[in-house]
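Analysis of the macromolecular model
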Amino acid sequence: MLLAGAGFMIRSFLTLYRLDLGIETAHLLTMNLSLPDRKYPTPAARTAFLERLDERLGAVRAIRGGTVASHLPFGSGVLMQLAVEGRPAPAGESPLPVTRVTVGPRYFETLGLRLLRGRALDETDVRAGRDVGIVNQRLASMYFANEDPIGRRVQVISEPATDRQPAWITIVGVSPTVRQRHLREPDPDPVIYVPYYLTPVPDMALLIRTDGDPSALTGMLREEVRAVDPDLPLFGIATLDQRLARMRWPYRVFGSMFSVFAIIALGLSAVGLYAVTAYAVTQRTQEIGVRMALGAQARQVWWLMVRRSVMQLGIGLTVGMAGAFGVGRLLQSLLAQTGATDVVTLVSIAAVFVMVSIAACSWPARRATTVDPIHALRHE
């Protein structure tokens, strides 16, 4: 069971470590800000602030790119329902799920992403208040498999639905797939990116790409924000790599903890099997001598000693694998792109246990094959 826990957590950690993020995370600085309701009570007030801040970030020469977003990459998003114009949802079927992220015009430029099709959001969209959006390739392949999504109109409906009729959003571009919510799932989530003036939420994040050390620009960025609103603090300042390291931290800690306990338990099991087999060899020394005097081969004597340990090993594996399934179910909410019945993990830990166990009982059994029959018959 301990080996299974270690295997599941280590496999999840390695999966997240090797995950194709889709963007270059180096030199990306992130921070959060929250617009108070008293000072920014309306969507128009929040939009005006974000527009001024976005303009100032675009004018800073010390950074390669800066933008605002409601959620950072790999940092969740708003779960919504998608309605496609001219495609009514069949009765009885679940609505199309989609993750919504509110972004500034230079969002994809800051992340270093080149759109696969269409165009990016720009300042003219902000000034004109156009209802436009960009979908990722995952959404395009799921909901527009045999057609071009550019120019199609969709509605993003909150869950549960409200009385306010959502606007129809025209898709103007398709971006590469970057995970938002489904970091632990095998498949990424479908995402739609909408400009911040459509849904100006009070809690936003800043993304800054630099050429050098991102943390060196923290003071300058605070000043840029103070120039727009001197009472607004920045918090949660960290590079995107640091945020990813924090996300992987539980897997590293629990994986290490399970591994230490598993190694101790494995060592105790090996010592126990060794002691039991060695004691059996001592108790049956005369029997071994008789068998060898009557012509028993070394491999037959070896199997005679190992057979009981193999039976104990089989019982232990049966009970232990049942417990391993339980451990996997207990850790299911933490596992990344794997499950409680992951065949690779379970077969690997079973193989490790079998090899260590066979090695532990083989050594005393091998000593039994070297017993001199004459000395064995005189053994008391």
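Up top you'll find the structure we're talking about.
Given the structure is predicted, the values throughout are model-derived calculations rather than measurements.

1. Some details on the side chain of Thr47
Among the secondary structure elements, Thr47 is positioned in helix α2 (residues 43-59). Contacts of Thr47, omitting those with residues within four sequence positions, involve Tyr196, Tyr197 and Pro200.

2. What about the layout of surface pockets?
There is about 250 Å³ of room inside the second largest pocket. Met1, Leu2, Leu3, Gly320 and Phe353 are the residues nearest the centre of the second largest pocket, which is lined by 14 residues in total. Put simply, the parts of the chain that give the lining of the second largest pocket at least two residues each are α1 (2-17), α7 (240-283), α9 (298-330) and α10 (343-368). Across the lining of the second largest pocket, the residue classes break down as 11 nonpolar, three polar and no charged.

3. Concerning the environment of Val344
One can find Val344 in helix α10. Judged by its relative accessible area of 47%, Val344 is partly exposed.

4. Considering unusual backbone geometry
One non-glycine residue, His27, adopts positive backbone phi at about 65 degrees. You can see His27 is positioned in the loop between α1 and β1 (28-34). Overall, the relative accessible area of 35% leaves His27 in the partly exposed class.

5. Concerning the pairing of strand β9 (residues 191-195)
Of all five residues in β9, five are buried, a share of seventy percent or more. The alternating pattern of β9 places Val191, Tyr193 and Pro195 and Ile192 and Val194 on opposite faces, both of which are buried. Of the strand pairs in this sheet, strand β4 (residues 96-103) and β9 are connected by five bridges, and their pairing is parallel. Counted as the bridge partner of Val101 is Tyr193 from β9. Two elements, strand β6 (residues 132-136) and β9, share two bridges in a ladder whose sense is antiparallel. Residue pairing in the sheet places Val135 in a bridge with Ile192 of β9.

Reading the values: the criteria
- Residues numbered from 1 in each chain as written.
- Predicted model: local features only at pLDDT ≥ 70, side-chain atom pairs only at ≥ 80, totals over all residues.
- Heavy atoms only, no water.
- Helix = DSSP H or I, 4+ residues; strand = E, 2+ residues; numbered from the N terminus.
- Contact = heavy atoms within 4.5 Å.
- 1 Å grid on protein atoms, 1.4 Å probe; cavity = no way out; pocket = protein on both sides within 12 Å on 5 of 7 lines; lining within 4 Å.
- Points joined across faces, edges and corners; volume = space filled by probe spheres on them.
- Nonpolar A, V, L, I, M, F, W, Y, C, P; charged D, E, K, R; others polar.
- Buried < 20%, exposed > 50% of the residue type's maximum accessible area, 1.4 Å probe, protein only.
- Pairing = 2+ DSSP bridges.

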